[in-house]
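The chain contents come next:
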Number of protein chains: 2
Amino acid sequence: MAEKIRIEEVAKLAGVSPTTVSRVINKLPTVQEANRLKVEEAIRKLKFKPNVIAQRLAKGKSDTIALVIPRYEGIFFSFYANQIIRGVGVASESLKLDLLLHLSTEKSSLDTASVGGVLFADIISNKEELDSVLESGTPCVVMNYKADDLDTDYVAIDNKTGAKNAVEYLIHLGHRNIAHISGNLVSQAAADRLEGYKQALEKNNINIEEDFIKKGDYSRPSARKAMSALLKLNSVPTAVFVASDDMAQEAISVILENKLKVPGDISVVGFDDNPICLYGSVGLTTVKQPLIEMAAKATSLLHKIMSTKAAKTSTKIILPTELIIRDSCRQI
Amino acid sequence: MAEKIRIEEVAKLAGVSPTTVSRVINKLPTVQEANRLKVEEAIRKLKFKPNVIAQRLAKGKSDTIALVIPRYEGIFFSFYANQIIRGVGVASESLKLDLLLHLSTEKSSLDTASVGGVLFADIISNKEELDSVLESGTPCVVMNYKADDLDTDYVAIDNKTGAKNAVEYLIHLGHRNIAHISGNLVSQAAADRLEGYKQALEKNNINIEEDFIKKGDYSRPSARKAMSALLKLNSVPTAVFVASDDMAQEAISVILENKLKVPGDISVVGFDDNPICLYGSVGLTTVKQPLIEMAAKATSLLHKIMSTKAAKTSTKIILPTELIIRDSCRQI
DNA sequence: ATGAAAGCGCTAACAG
DNA sequence: CTGTTAGCGCTTTCAT
């Protein structure tokens, strides 16, 4: 158990006041070179480490950011969450920010006091939490949710256009009976993808058939159920746009189990560009979203907000997606 | 920007001293019921939230734990890391501990001052970090690394027996030419799996052929290289035990690309029970390791250590693995 | 059971 | 450029 040495001992050893030591620690320019050297020497000798907690209390601010992820299984246990955690983890590391991981439930609201800023990974049934953070005045950036109604900065993905492009690709391939298996519509992303699907159809004068729209929740079982239902329709679709790669993969399994071929009988497009879809029975055509980039941008934006005391500037960033064409779709 | 109210305002409103308010907050029993009610009422009215930082400084301890993950790509971007983060995330949530995610690099040593305890997710080239935490006297538990030489508690997986069981299963199926593609041997887990492989062979009087042992690093490319080399051998093995499912999946791809069949020509066993192997061309037989359980156990162990000021008790837990038999191995 | 006073370890305002 | 003096907001002896 190493003895805790305080700034005072360092000061004594260096023959200066605690204040001067503090100045050295915080790299303030107003310290004579000679003194700085003495202090640094003393710090080294004593193996002094400033107590961060005391620093935070005195400075009244923290360089810790919280990443809150809805503790909604479908999202927390997903490719999405993984990417976000990785992206934010790496970004905060390089910005020298401490990262607090907070799995939000409906009640457990984040304690903003210990944190200098908050990053929301999507907003699903935890809007009150966002509100309370906003109200507390803590700097905040939300990801993947275009909170235009709220006074907060965000970095989101253009889900609507991504979905639209995917469906138009299918249409250009000659498909007209295109189904959609959605994600959980409580998430804005899922709703936007559904909307993009509809817009593509409308734009190309294809009737929107409610039977072709099946609600999933991002889970494999829900995709299985949805795909099975689609297969039982009188007129089976020739293509299906699925709101996640994971669900797309499951849909393909169902199709195959029913002795149909992908893309021979049914074309499939996913969403995510999850590496998992590289190793299936057929390379999945999908919509790639820049999750890591979104996470990195959000983190550095938050950092900027935290470090400038400037008046709140509303930054709203929307990142584009990219259609990745592999082998799961065919010309009709 | 909500006004920051302090304990003093609450005290005033309730007509008691700050001390009493503090007692109520900390649920000390020595407060009259009447006063407690008044204080609680005041807290509610003022929406008072104690300042955690000040609490920490005053109490001299923190209920934040750090999860340090080696920032070694092969591990950070793996199924392993995911499971650990999830396991620790959920466990710490329910224990009301704050979770700090720390990606350790060789230099960036964790600042133990702000943290009440530390969890290490494996030890790879960051042993000095462990040492420094240990030396600081901060409570600490390491996962997946049997640090018997160090004075620390740990929760690990019985990799050796897991590997041994997998290889013996292959032997019982009649295989004698069994190869191994290892993980990165700087990790103890990979070394143990290799050791288990060797022990199984020895126990069954099968010669250990160095040509059959290929060193991978948990990455897919390394597995590809290893499997290709194996296929070029004069006597190609009839079975291969691979140190991770991800690598096993890649090995299978290589085998298939060479017009051989799994398990027809070559049987394959993986390690992890990564869901990814459910959806490949063949269900992968694998060794399941209780990662989530390990994470949960480690977290609660750490919590116990942190909350009891008792003398250090050395707890060393080793969790068993389970062989999951699917379709990638055949009788010979 | 309760309050006054003294810190926890550091930073910030203000003189000098 | 440097030291002195107050705090940051809460907990904790120690009397009462």
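Refer to the structure presented above.
Enquirer: Whenever I open this one, the interface of chain B and chain A confuses me. Can you help?
Expert: It is common to give the size of an interface as the accessible area lost on bringing the parts into contact. The interface of chain B with chain A comprises 32 residues on the first partner and 32 residues on the second. Those elements that place two or more of their residues in the side of chain B that touches chain A are helix 4 (52-59), helix 6 (79-94), strand 2 (98-104) and helix 7 (127-136) of chain B. Broken down by element, the residue count for the side of chain B that touches chain A peaks at 6 residues, all from helix 6 of chain B. The class makeup of the residues in the side of chain B that touches chain A is 16 nonpolar, 9 polar and 7 charged. Pairing between strand 2 (residues 98-104) of chain A and strand 2 of chain B: 3 bridges, direction antiparallel. Residue pairing across strands places Leu99(A) opposite Leu101(B), the latter belonging to strand 2 of chain B.

Enquirer: Just checking my understanding: could you explain the protein's contact with DNA strand C for this structure?
Expert: The immediate surroundings of DNA strand C are formed by 26 residues, with Arg6(A), Ile7(A), Ser22(A), Ala58(A) and Gln32(B) found nearest. Grouping the amino acids of the surface near DNA strand C by side-chain chemistry returns 11 nonpolar, 12 polar and 3 charged.

Enquirer: Whenever I open this one, the relation of the copies chain B and chain A confuses me. Can you help?
Expert: Both copies of the chain are related through a single rotation about an axis accompanied by a shift along the same axis. Each copy of the sequence occupies a distinct position, and chain B is placed on chain A by a rotation of 180 degrees and an axial shift of 0.1 Å, giving an RMSD of 0.1 Å. Seen this way, the second copy is the image of the first under a two-fold rotation axis. Judged by C-alpha distance, Leu100(B) is the residue of chain B that lies nearest the rotation axis, at 2.2 Å. Counting the interface residues of chain B, we find that 100% of their copies in chain A are interface residues as well, pointing to one common contact surface.

Enquirer: Would you explain the sheet that holds strand 9 (residues 267-272) of chain A in this entry?
Expert: All names here are of chain A. Strand order across the open sheet formed by 6 strands is 7-6-8-9-10-12, with mixed pairing between neighbours. Both outer strands of the open sheet, strand 7 (213-215) and strand 12 (322-324), are each paired with one neighbouring strand and no more. Within this sheet the neighbouring strands show an average axis-to-axis angle of 20 degrees, counted without direction. Pairing between strand 8 (residues 239-242) and strand 9: 3 bridges, direction parallel.

Enquirer: What am I meant to see in the protein's contact with DNA strand D here?
Expert: As a structural note, the neighbourhood of DNA strand D is formed by 26 residues, with Gln32(A), Arg6(B), Ile7(B), Ser22(B) and Ala58(B) the closest of them. The dominant element in the surface near DNA strand D, judged by the number of residues it contributes, is helix 4 of chain B, at 5 residues. Taken together, the residues that form the surface near DNA strand D break down as 11 nonpolar, 12 polar and 3 charged.

Reading guide: rules and limits
Residues numbered from 1 in each chain as written. Chains lettered and ligands numbered in written order. Predicted model: local features only at pLDDT ≥ 70, side-chain atom pairs only at ≥ 80, totals over all residues. Contact = placed C-beta atoms within 7 Å. Helix = DSSP H or I, 4+ residues; strand = E, 2+ residues; numbered from the N terminus. Nonpolar A, V, L, I, M, F, W, Y, C, P; charged D, E, K, R; others polar. Pairing = 2+ DSSP bridges. Near = placed C-beta within 6 Å. Least-squares fit on C-alpha atoms with pLDDT ≥ 70 in both. Axes fitted to C-alpha atoms, helices over the stretch in contact; angles between N-to-C directions.

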